[in-house]
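These are the residues of each chain, in order.
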Amino acid sequence: MIHDIKDTMLLNSAVGTIFNELEKLRKSSKETQEIFRKRWIWELIQNASDCCRDGEKIDIEIKFDGHSKLLFGHNGKGFKEENLWSMVTQISNKQSDDETTGQFGTGFITTTLLSPKITIESFLENDNRPFDLNLDRTGQTRGEIRESIKKNIPIIIHR
């Protein structure tokens, strides 16, 4: 029972955070949205920099297929499981980390202004297992966002 309560509270917190961030973006002025549209690349670069191995430089590659797909890649470390949870839930663990900047995922959410559906292809840092994580931020209601989050949780748990 405690496990169910904890999971429900985590899910409720994630839904609230994502809904509020998306609403803030959607309801912001055209000027503010334009600033965020320009900011997404810097958010991805900062996230890549945070994944840099100690003492190494990060190589970043950006490709556009000419139609509708933008690929952003880097040679940094893979994801820790907690990073995946942060991406799915938008709940940050960076507030307690002195070595990284920002709040994990809150800058990344600006990418939804370009595309509300994002696929992250990477690997888990501890065992090099590859994964694909599809983040869908098209939800207009808390219920739709809840369902999107629930679709991603089994991927993390059962990878």
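As a starting point, this report considers the structure included with it. Here the residue index of a chain counts from 1 through its sequence in written order. In view of the model being predicted, local features appear only for residues whose pLDDT reaches at least 70, and side-chain atom pairs are presented and counted only at 80 or more, with totals across whole chains, interfaces and linings using the full set of residues. Computation of side-chain values: all heavy atoms of the structure, hydrogens and water removed.

## A word on the overall build of the protein
Argument step 1. The number of helices and strands found in the protein is four helices and four strands.
Argument step 2. When the helices and strands of the protein are placed in sequence order, the string is α-α-β-β-α-β-β-α.
Argument step 3. Burial classification: accessible surface area is computed with a 1.4 Å probe over protein chains only, and a residue below 20% of its type maximum counts as buried, one above 50% as exposed, and the rest as partly exposed. Burial analysis of the protein (159 residues in total) assigns 35% to the buried set.
Argument step 4. A contact between two residues is defined here by any heavy atoms of the two lying within 4.5 Å. Excluding contacts between residues fewer than 6 apart, the proportion of contacts in the protein whose partners are at least 24 apart in sequence is 57%.
Argument step 5. Accessible surface, the protein as shown: approximately 10,200 Å² in total, 52% of it carbon and sulfur. Counting from the N terminus, the helices are the DSSP runs of H or I reaching at least four residues and the strands are the DSSP runs of E reaching at least two. Computed with the Shrake-Rupley method and a 1.4 Å probe, the accessible areas treat only the protein chains shown as cover for residues.

## Here's the deal with a nonpolar patch on the surface
Argument step 1. Without a salt bridge and with relative accessible area above 30%, a residue can belong to a patch; like charges are then joined within 9 Å and nonpolar side chains (Val, Leu, Ile, Met, Phe, Trp, Tyr) within 5 Å. Counted as salt bridges are all cases of a side-chain nitrogen of Lys or Arg within 4 Å of a carboxyl oxygen of Asp or Glu. Taken together, the side chains of Ile 60, Ile 62, Phe 64 and Leu 70 make up a nonpolar region of the molecular surface, amounting to roughly 360 Å² of accessible area.
Argument step 2. The element that contributes the greatest number of residues to the nonpolar patch is strand β1 (residues 60–64), accounting for three residues.
Argument step 3. Take Ile 62: it is sitting in strand β1.
Argument step 4. With a relative accessible area of 46%, Ile 62 lands in the partly exposed category.

## So, empty space enclosed by the protein
Argument step 1. A cavity here means a set of 1 Å grid points, computed over protein atoms only, where a 1.4 Å probe fits but cannot escape. A pocket is an open set with protein on both sides within 12 Å along at least 5 of 7 lines, and lining residues have an atom within 4 Å of a point. Grid points are joined across faces, edges and corners, and a volume is the space filled by probe spheres set on the points. All told, the structure shown has one cavity of 30 Å³ or more when counted by the stated rule.
Argument step 2. A volume near 30 Å³ is recorded for the largest cavity.
Argument step 3. Lining of the largest cavity is provided by Gln 90, Phe 108, Ile 109, Thr 112, Ile 118, Leu 135 and Arg 137.
Argument step 4. For the lining of the largest cavity, the class distribution of residues is four nonpolar, two polar and one charged. The nonpolar class holds Ala, Val, Leu, Ile, Met, Phe, Trp, Tyr, Cys and Pro. Asp, Glu, Lys and Arg form the charged class, and all remaining residues, Gly among them, are polar.

## Section: helix α3 (residues 81–89)
Argument step 1. Where α3 is concerned, the buried positions are Asn 83, Leu 84, Ser 86, Met 87, Val 88 and Thr 89.
Argument step 2. Immediately downstream of α3, the backbone of Gln 90 shows phi near 65 degrees, a positive value.

## Some thoughts on helix α2 (residues 30–50)
Argument step 1. In this scheme, a helix's expected span is set at 1.5 Å multiplied by one less than its residue total. Counted at 1.5 Å a residue, the expected span for α2 with its 21 residues is 30 Å, and the 30 Å between its end C-alpha atoms agrees.
Argument step 2. Here the bend at a residue means the angle between the axes of two seven-residue stretches, the one that ends at it and the one that starts at it. A bend of about 35 degrees at Arg 39 is the largest found in α2.
Argument step 3. Among the residues of α2, Gln 33, Phe 36, Trp 40, Ile 41, Glu 43, Leu 44, Asn 47 and Ala 48 are the ones counted as buried.

## Side note on the pairing of strand β4 (residues 130–136)
In summary, the side chains of a regular strand alternate between the two faces of the sheet.
Argument step 1. Burial along β4 is one-sided: the residues Phe 131, Leu 133 and Leu 135 are buried and none of Pro 130, Asp 132, Asn 134 and Asp 136 is.
Argument step 2. Sheet analysis places strand β3 (residues 117–123) next to β4, joined by seven bridges and oriented antiparallel. Considered in β4, the bridge of Glu 121 is made with Asp 132.
Argument step 3. Between β3 and β4, which pair antiparallel and follow one another directly, the connecting turn spans six residues, one of which, Asn 128, has a positive phi of 60 degrees. Should DSSP find at least two bridges between two strands, the strands are regarded as paired.

## Digging into the nonpolar core
Argument step 1. By nonpolar core is meant a set of buried Ala, Val, Leu, Ile, Met, Phe, Trp, Tyr and Cys residues that side-chain atoms within 4.5 Å join together. Judged by nonpolar contacts, the single largest core of 27 residues is most densely connected at Met 87, Phe 108, Ile 120, Phe 131, Leu 133, Leu 135 and Ile 149.
Argument step 2. Within the residue set of this core, elements represented by two or more residues are α1 (2–27), α2, α3, β3, β4 and α4 (142–157).
Argument step 3. When residues in this core are grouped by element, the largest group, seven residues, is from α1.
Argument step 4. When sequence neighbours within four positions are dropped, the list of residues in contact with Leu 133 reads Leu 84, Met 87, Val 88, Ile 118, Thr 119, Ile 120 and Asn 152.

## What to know about the environment of Arg 146
Argument step 1. In this structure, Arg 146 sits in helix α4.
Argument step 2. Taking C-alpha positions, Arg 146 is 5.7 Å from Val 15, a pair spaced 131 residues apart along the chain.
Argument step 3. With residues near it in sequence (within four places) discarded, Arg 146 still touches Leu 11, Asn 12 and Val 15.

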